[in-house]
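Spelled out, the chains give:
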There are 2 protein chains.
Amino acid sequence: MLSNLEKSYIAGFLDGDGCIMFQLIRKKDYTFGFQVRASIVFYQKSGNDFILNWLKSKLKFGYLRRRKYGMTEYTIVGLKQVMSIIKLLKPYLKLKKKHADLALRIENIWPEKFNEKKLLQIAKLADGFKKLNYSKKRKITREVILEYFKNGPRND
Amino acid sequence: MLSNLEKSYIAGFLDGDGCIMFQLIRKKDYTFGFQVRASIVFYQKSGNDFILNWLKSKLKFGYLRRRKYGMTEYTIVGLKQVMSIIKLLKPYLKLKKKHADLALRIENIWPEKFNEKKLLQIAKLADGFKKLNYSKKRKITREVILEYFKNGPRND
């Protein structure tokens with residue numbers, strides 16, 4: 001179990017260094033063509049691996065991966081895993097409280113089984129992370145999925 | 001007064017996003033030609049100013065400055081100010097515990113009045129921050145100051 005001091009520390013670390021994302025990912029083998037991918041990512045110089053290992057020992061979920069340029073990434077993927085961590089940290093988050101609120105709204109309407117309407121509803125909320133994360137790279141938005149439903153896949 | 005939960009949060013935030021530095025700075029009007037400048041810096045998109053303002057309201061010292069590219073910097077400068085914050089947060093720091101220990105060693109030998117020997121001793125310890133901060137830009141090291149004491153200032 002995490003102590004409140006540990007939760008508060010991790011919330012500070014996540015606010016300073018971490019990233020909460022809901023991405024829309026093209027998946028040709030998915031019934032509706034897209035995956036909604038929830039993730040939390042921490043990114044550190046590989047020399048600081050120990051802090052990522054400590055985080056993993058506390059948060060339980062996820063995995064570490066060595067990346068380019070001497071960096072290590074600790075990623076937690078999956079709605080259930082991400083939401084359990086967000087709920088744990090939410091009382092202590094400051095900078096990413098908005099991320100947490102938006103994630104909770106998405107979880108709230110996440111269906112047992114997706115259909116086009118549900119996917120578009122969730123995509124709309126997920127688009128909110130573009131602004132929260134100052135993301136300029138986000139290419140697949142609700143609009144793109146809507147277009148796909150209307151006209152089918154373009155070259156991809 | 002800061003609660004332990006707040007200290008723990010700020011330690012996490014400092015570990016994730018902040019920087020503790022001891023820099024050697026050329027000052028022509030200083031008796032020994034160099035200043036040892038202790039500082040703590042937080043760096044955020046200007047849209048996240050509120051978290052820096054919150055930190056300042058808690059840590060008391062320092063000032064916020066708008067920087068280029070939509071960034072804001074919260075800087076605390078000065079041995080006394082920096083050390084009081086380090087001592088407050090040290091029990092909760094993980095990644096920057098080494099920085100804190102090194103800073104305490106510097107404070108320990110910081111003299112009432114500098115002389116050449118003391119400045120070189122402190123410069124040697126301060127050089128340790130180069131490695132801790134993966135700093136490639138650090139140009140003024142103990143060696144540079146030693147050279148200056150031997151041969152006087154070069155073109156600067």
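J.: I would appreciate a short explanation of the overall build of chain A in the present structure.
T.: The secondary structure content of chain A amounts to 6 helices and 4 strands. Starting at the N terminus, the α and β elements of chain A follow one another as α-β-β-α-β-β-α-α-α-α. Expected size for 156 residues packed as a compact globule is a radius of gyration near 15 Å; at 17 Å, chain A falls within 12% of this value. Over its C-alpha atoms, taken along the principal directions, chain A stretches across nearly 50 × 35 × 25 Å. Residues counted as buried form 30% of the 156 residues belonging to chain A. Long-range contacts, defined here as pairs at least 24 residues apart, represent 53% of the contacts in chain A between residues at least 6 apart.

J.: Quick question: what am I supposed to make of the pairing of strand E4 (residues 71-77) of chain A here?
T.: Two faces, one strand: in a regular strand the side chains alternate between the faces of the sheet. Residues and elements named next belong to chain A. Bridging between strand E2 (residues 34-45) and E4 involves 7 bridges; their strand directions are antiparallel. Each residue of the ladder has a partner; that of Gln44, found in E4, is Thr72. Direction of pairing for strand E3 (residues 63-66) relative to E4: antiparallel, over a ladder of 4 bridges. Directly across from Arg66, in E4, lies its bridge partner Thr72.

J.: Please explain the sheet that holds E3 of chain A as it appears in this structure.
T.: Adjacent strands of a sheet pair through backbone hydrogen bonds, lying either parallel or antiparallel. Residues and elements named next belong to chain A. Strand order across the open sheet formed by 4 strands is E1-E2-E4-E3, with antiparallel pairing between neighbours. Strands with a single pairing partner mark the edges of an open sheet, and in this sheet they are strand E1 (19-26) and E3. Between one strand axis and the next, the sheet turns through 35° on average, direction left out of account. Bridging between E1 and E2 involves 8 bridges; their strand directions are antiparallel. In the strand pairing of E2, Phe22 is matched with Ala38.

J.: Help me understand the relation of the copies chain A and chain B, please; the structure alone is not making it clear to me.
T.: Relating one copy of the chain to the other takes a rotation about an axis and a shift parallel to that axis. In screw terms, the move from chain A to chain B is a rotation of 180° and a rise of 0.0 Å along the axis, fitting with an RMSD of 0.0 Å. Interpreted geometrically, this transformation is the action of a two-fold axis. A shared interface surface links the copies, since 100% of the contact residues of chain A are contact residues in chain B too.

J.: So what exactly am I meant to see when it comes to the interface of chain A and chain B here?
T.: Many analyses report the size of an interface as the accessible area lost when the parts associate. In this complex, chain A contributes 20 residues to the contact, which on the side of chain B involves 20 residues. Among the elements that take part in the side of chain A that touches chain B, helix H1 (residues 4-17) of chain A stands out by supplying 11 residues, more than any other.

J.: Looking at this structure, I do not really get the packing of H1 of chain A against helix H1 (residues 4-17) of chain B. What am I missing?
T.: If you want to describe how two helices pack, look at the angle between their axes and the distance between the axes. Interaxial distance between H1 of chain A and H1 of chain B falls to 6 Å at its minimum, and their mutual angle equals 35°. With respect to the hand of their crossing, H1 of chain A and H1 of chain B are arranged in right-handed fashion. Judged by residue contacts, Asn4, Leu5, Ser8, Tyr9, Ile10, Ala11, Gly12, Phe13, Asp15, Gly16 and Asp17 of chain A of H1 of chain A engage Asn4, Leu5, Ser8, Tyr9, Ile10, Ala11, Gly12, Phe13, Asp15, Gly16 and Asp17 of chain B from H1 of chain B.

J.: Teacher, can you tell me more about helix H5 (residues 116-132) of chain A here?
T.: Every α-helix carries 3.6 residues per turn, so stepping three or four residues along brings you back to the same face. Residue and element names in this part refer to chain A. The terminal C-alpha atoms of H5, which comprises 17 residues, lie 25 Å apart, in line with the 24 Å expected from a rise of 1.5 Å per residue. Among the residues of H5, Leu119, Ile122, Ala123, Ala126 and Phe129 are the ones counted as buried. Of the residues trailing H5, Tyr134 is marked for its positive phi of about 50°.

Thresholds, definitions, all that
- Residues numbered from 1 in each chain as written.
- Chains lettered and ligands numbered in written order.
- Predicted model: local features only at pLDDT ≥ 70, side-chain atom pairs only at ≥ 80, totals over all residues.
- Helix = DSSP H or I, 4+ residues; strand = E, 2+ residues; numbered from the N terminus.
- Rg over C-alpha atoms; globule rule 2.2 N^0.38 Å.
- Buried ≥ 20, exposed ≤ 12 C-beta atoms within 10 Å, placed from the backbone.
- Contact = placed C-beta atoms within 7 Å.
- Pairing = 2+ DSSP bridges.
- Axes fitted to C-alpha atoms, helices over the stretch in contact; angles between N-to-C directions.
- Least-squares fit on C-alpha atoms with pLDDT ≥ 70 in both.
- Left-handed = near helix turned anticlockwise from the far one by under 90°.
- Expected span 1.5 Å × (residues − 1).

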